[in-house]
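Coordinates in review
Listed below are the residues making up each chain.
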Amino acid sequence: MHEVPPPTSTSASTSTPAPAPGPSSSAVPAEPLSHGLKQRHLTMLGLGGVIGAGLFVGSGAGIAVAGPAIVVSYLIAGALAMLVMRMLGEMSAAMPASGSFSVHAERALGRWAGFSVGWLYWFLLVVVLAVEATAAAQIAHGWVPGIEPWAWVLLFMVVFTAANLTAVKNFGEFEFWFASLKVGAIVVFLVLGVLAVLGWLPDTDPVGMTNLTGQGGFLPNGWGGVVSGVLTVVFAFGGLEVVTIAAAETDDPARAVGRAVRSAVVRILFFYVGSMLVIVTVLPWTAQQAGLSPYVKVLDAIGVPSAGQIMNIVVFVALLSALNANLYGSSRMIFSLAERGEAPRGLLKVSGGGSRESTGGVPRRAVLASVAFGFVSVLLNLLWPDTVFLYMLNSVGAVLLFVWALIAASQLRLRARLEQEAPEALSLRMWCFPYLTWVTLAGLFGVLLLMLTDEAARPQVLWSAGATALVLLVAVGRQWRERRGSAVADR
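This is a predicted model, so every value here is computed, not measured.

Cut-offs and rules
Every chain's residues receive numbers from 1 upward, in the order its sequence appears when written. In view of the model being predicted, local features appear only for residues whose pLDDT reaches at least 70, and side-chain atom pairs are presented and counted only at 80 or more, with totals across whole chains, interfaces and linings using the full set of residues. Side-chain metrics rest on all non-hydrogen atoms present in the structure, leaving aside hydrogens and water. With axes taken as lines fitted to C-alpha atoms, and helix axes fitted only over the stretch in contact, angles between N-to-C directions fall between 0 and 180 degrees. Only runs of H or I of at least four residues qualify as helices and only runs of E of at least two qualify as strands under DSSP, and these elements are numbered from the N terminus. We call a crossing left-handed when the near helix sits turned anticlockwise from the far one by less than a right angle, and right-handed when that turn is clockwise. Note on definitions: a residue-residue contact is assigned when non-hydrogen atoms from the two residues lie within 4.5 Å. In this classification, Asp, Glu, Lys and Arg are treated as charged, Ala, Val, Leu, Ile, Met, Phe, Trp, Tyr, Cys and Pro as nonpolar, and every other residue, Gly included, as polar. Ring pairs are drawn from Phe, Tyr and Trp, using the six-membered ring of Trp, whenever the two centres fall within 6.5 Å, and their geometry is named by plane angle: stacked under 30 degrees, edge-to-face over 60, tilted for the rest. A simple rule labels every residue: compare its accessible area, found with a 1.4 Å probe on the protein chains alone, to the largest value its type can have, and call it buried under 20%, exposed over 50%, or partly exposed in between. Note on geometry: a ring has a charge over it if NZ (lysine) or CZ (arginine) is within 6 Å of the ring centre and within 35 degrees of the ring normal. The set of buried Ala, Val, Leu, Ile, Met, Phe, Trp, Tyr and Cys residues whose side-chain atoms join them within 4.5 Å is what this entry labels a nonpolar core. The method works on a 1 Å grid over the protein atoms by themselves. A cavity is a set of points holding a 1.4 Å probe that cannot get out, a pocket is an open set with protein on both sides within 12 Å along at least five of seven lines, and residues with an atom within 4 Å of a point line them. Grid points are joined across faces, edges and corners, and a volume is the space filled by probe spheres set on the points. Patch building starts from residues that exceed 30% relative accessible area and form no salt bridge, then joins like charges within 9 Å and nonpolar side chains (Val, Leu, Ile, Met, Phe, Trp, Tyr) within 5 Å. In these tables, accessible area is a Shrake-Rupley quantity obtained with a 1.4 Å probe, and a residue counts as shielded only by the protein chains included in the view. When a carboxyl oxygen of Asp or Glu lies within 4 Å of a side-chain nitrogen of Lys or Arg, that pair is called a salt bridge. In this tally Asp and Glu are treated as negative and Lys and Arg as positive; neither His nor the chain ends contributes.

At a minimum axis separation of 9 Å, helix H8 (residues 168-198) and helix H14 (residues 307-339) run at an interaxial angle of 145°. Pair H8 / H14 crosses with left-handed handedness. Between H8 and H14, the contacting residues are Val168, Phe171, Phe174, Glu175, Phe178, Leu181, Lys182 and Ala185 on the first element and Val314, Val317, Ala318, Leu320, Ser321, Asn324, Ala325, Tyr328 and Arg332 on the second. Taken together, the residues that form the contact of H8 with H14 break down as 12 nonpolar, two polar and three charged.

Now for the packing of aromatic side chains. Here the structure, examined in full by the defined rule, presents 20 aromatic pairs. Relative to tyrosine 328, the ring of phenylalanine 171 has its centre 4.0 Å away and its plane inclined at 10°; by these criteria the two rings are stacked. With phenylalanine 171 in helix H8 and tyrosine 328 in helix H14, the pair connects residues that are 157 residues apart, well separated along the chain. No difference in accessibility class separates phenylalanine 171 from tyrosine 328, as the two residues are buried. One aromatic cluster is present, formed by Phe115, Trp119, Trp122, Phe123 and Phe373 through successive ring pairs. Just above the ring of phenylalanine 176 sits the side chain of arginine 40; from NZ or CZ to the centre is 4.7 Å.

Before going further, it helps to spend a moment on the nonpolar core. Of all hydrophobic cores here, the largest spans 158 residues; its most connected members are Phe156 and Trp404. Apart from the residues lying within four places of it in its own chain, the contact partners of phenylalanine 156 are Ala133, Ala136, Ala137, Ala140, Phe316, Leu320 and Leu323.

With that settled, the discussion passes to the layout of surface pockets. Considering only enclosed or pocket space, the largest pocket measures out at about 1,400 Å³ in volume. Where the lining of the largest pocket is concerned, the elements lending two or more residues are helix H2 (53-56), helix H6 (111-143), helix H10 (222-233), H14 and helix H16 (388-395). Tallied by class, residues from the lining of the largest pocket come to 27 nonpolar, 15 polar and three charged.

Okay, the environment of alanine 475 next. Along the chain, alanine 475 falls in helix H19 (residues 458-490). The exposure class of alanine 475 is buried, given its relative accessible area of 3%. Each C-alpha atom, one on alanine 475 and one on tryptophan 112, is 5.1 Å from the other, the two residues being 363 residues apart in sequence. What alanine 475 contacts, discounting residues up to four positions off in sequence, is Trp112, Phe115 and Ser116.

Another point: a nonpolar patch on the surface. Side chains of Trp150, Leu154, Val158, Phe375, Leu379, Leu382, Leu383, Trp384 and Val388 sit close together on the surface and give an oily, nonpolar patch of about 840 Å² of accessible area. Elements with a contribution of two residues or more to the nonpolar patch: helix H7 (149-165) and helix H15 (364-383). With four residues, the top contributor of residues to the nonpolar patch is H15. Tracing the backbone through its elements, the reader meets leucine 379 in helix H15. Accessibility expressed as a relative area gives 48% for leucine 379, which makes it partly exposed.

Further remarks concern the side chain of arginine 86. Mapped onto the secondary structure, arginine 86 falls in helix H4 (residues 70-94). Salt bridges are absent for the buried arginine 86, whose nearest opposite-charge side chain, glutamate 90, sits at 6.6 Å. Residues contacting arginine 86, with those up to four places away along its chain left out, are Val261, Arg262, Leu428, Arg429, Met430 and Trp431.

Time to look at the environment of glycine 214. Mapped onto the elements of the fold, glycine 214 is located in the loop between helix H9 (210-213) and H10. Residue classification places glycine 214 among the buried positions, given a relative accessible area of 19%.

This is a description of form; function is not addressed.
Have a look at this one:
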């Protein structure tokens with residue numbers, strides 16, 4: 001997840017909005033962070049960042065409500081995510097920065113927007129981090145029952161904190177290999193699934209279209225099932241944003257983010273939609289259950305030995321990968337907020353005195369601040385999973401949609417400015433601007449409205465709206481106090 005306006009555009013002592021990007025301001029000052037990430041790190045981060053437990057396990061809930069039409073649900077949700085990423089890629093290629101969309105929002109809409117989206121996104125990451133650490137610990141506890149889950153959580157947090165405290169290239173290497181394993185697992189699954197559909201595996205017969213048209217047809221629950229499926233799967237695409245944050249720590253941010261965004265969105269759609277098509281073709285949709293991995297069901301059906309344990313390993317790696325990426329993204333987000341005077345200035349210290357070498361330039365205090373709150377979240381999840389932590393989780397449940405909406409709103413403003421003042425910076429352009437941007441905004445608000453009508457999703461929208469309103473109140477209050485202070489000083 002990434003934000004972009006230059007850190008010098010605003011400060012804690014000024015209330016003027018950041019300048020519009022123009023020929024003189026579109027060039028973003030160099031970040032004091034390391035440039036240790038390579039193109040291969042960024043490309044694989046884009047591919048693997050959204051391939052997680054939401055796909056491997058959570059997709060079963062989507063199939064249960066939409067049937068074979070879950071393929072359409074994934075196409076709709078994936079198209080929405082792809083459009084948001086194209087917009088974010090356009091802004092990040094023109095104005096790369098470690099704050100990504102928080103910086104873009106500040107430039108486009110004002111300090112209140114950059115402050116709000118930055119802190120909301122940071123809060124989202126550190127809360128979700130607790131879910132991932134706890135889930136990974138449960139899997140590890142099943143393998144080694146003698147070690148309690150809390151000890152596994154502690155081990156994971158220490159290991160990934162250490163990796164993020166050293167050089168950014170360590171984060172890049174971790175994510176590269178984690179993502180490679182996940183991508184490899186899906187490729188193997190797709191190959192085996194296609195062979196099973198064709199009847200080319202031992203003891204299998206050609207499946208044909210039987211499971212796509214039987215058991216109530218392709219739309220067993222009508223278009224209402226497709227809509228419910230979208231609500232179930234849209235959040236599985238969260239995580240792509242980290243690519244634009246990480247791009248600021250490459251040698252050529254504009255070129256790197258453009259290549260990563262172009263390659264990631266299409267391939268991810270292929271992996272997600274392709275997987276769902278294989279699953280609902282190989283087995284009847286009625287064979288799937290919420291909470292159980294449809295991948296395991298398919299692998300068991302085609303005779304892959306120890307399918308459950310294989311997928312446990314893949315899900316385990318996916319969870320650790322997400323934990324690592326969220327820790328990285330949260331530390332860079334709060335570092336960017338500190339650069340712009342929206343978080344404590346003490347978080348600005350980087351290792352190596354701001355060295356641009358791959359061994360320096362790590363915002364260690366920002367990493368430790370994110371980890372500290374992550375530990376608090378994990379503790380709440382272990383002690384009060386159904387009360388305190390559940391409220392926290394609900395309060396970030398719909399934040400991703402708010403973030404995406406602000407990305408779209410920011411792109412509407414910044415694209416128009418850039419075309420007038422610095423068109424050469426637009427190396428990556430949003431398609432059919434501004435029409436598709438407005439379509440995306442309408443789609444995001446449509447998903448939020450549908451969540452309000454869904455009894456299970458409604459608490460997430462209401463709690464998330466409450467958290468957003470609280471942060472907005474703080475942002476507006478800070479800006480009002482600063483303006484009042486400036487007015488008093490001018491007298």
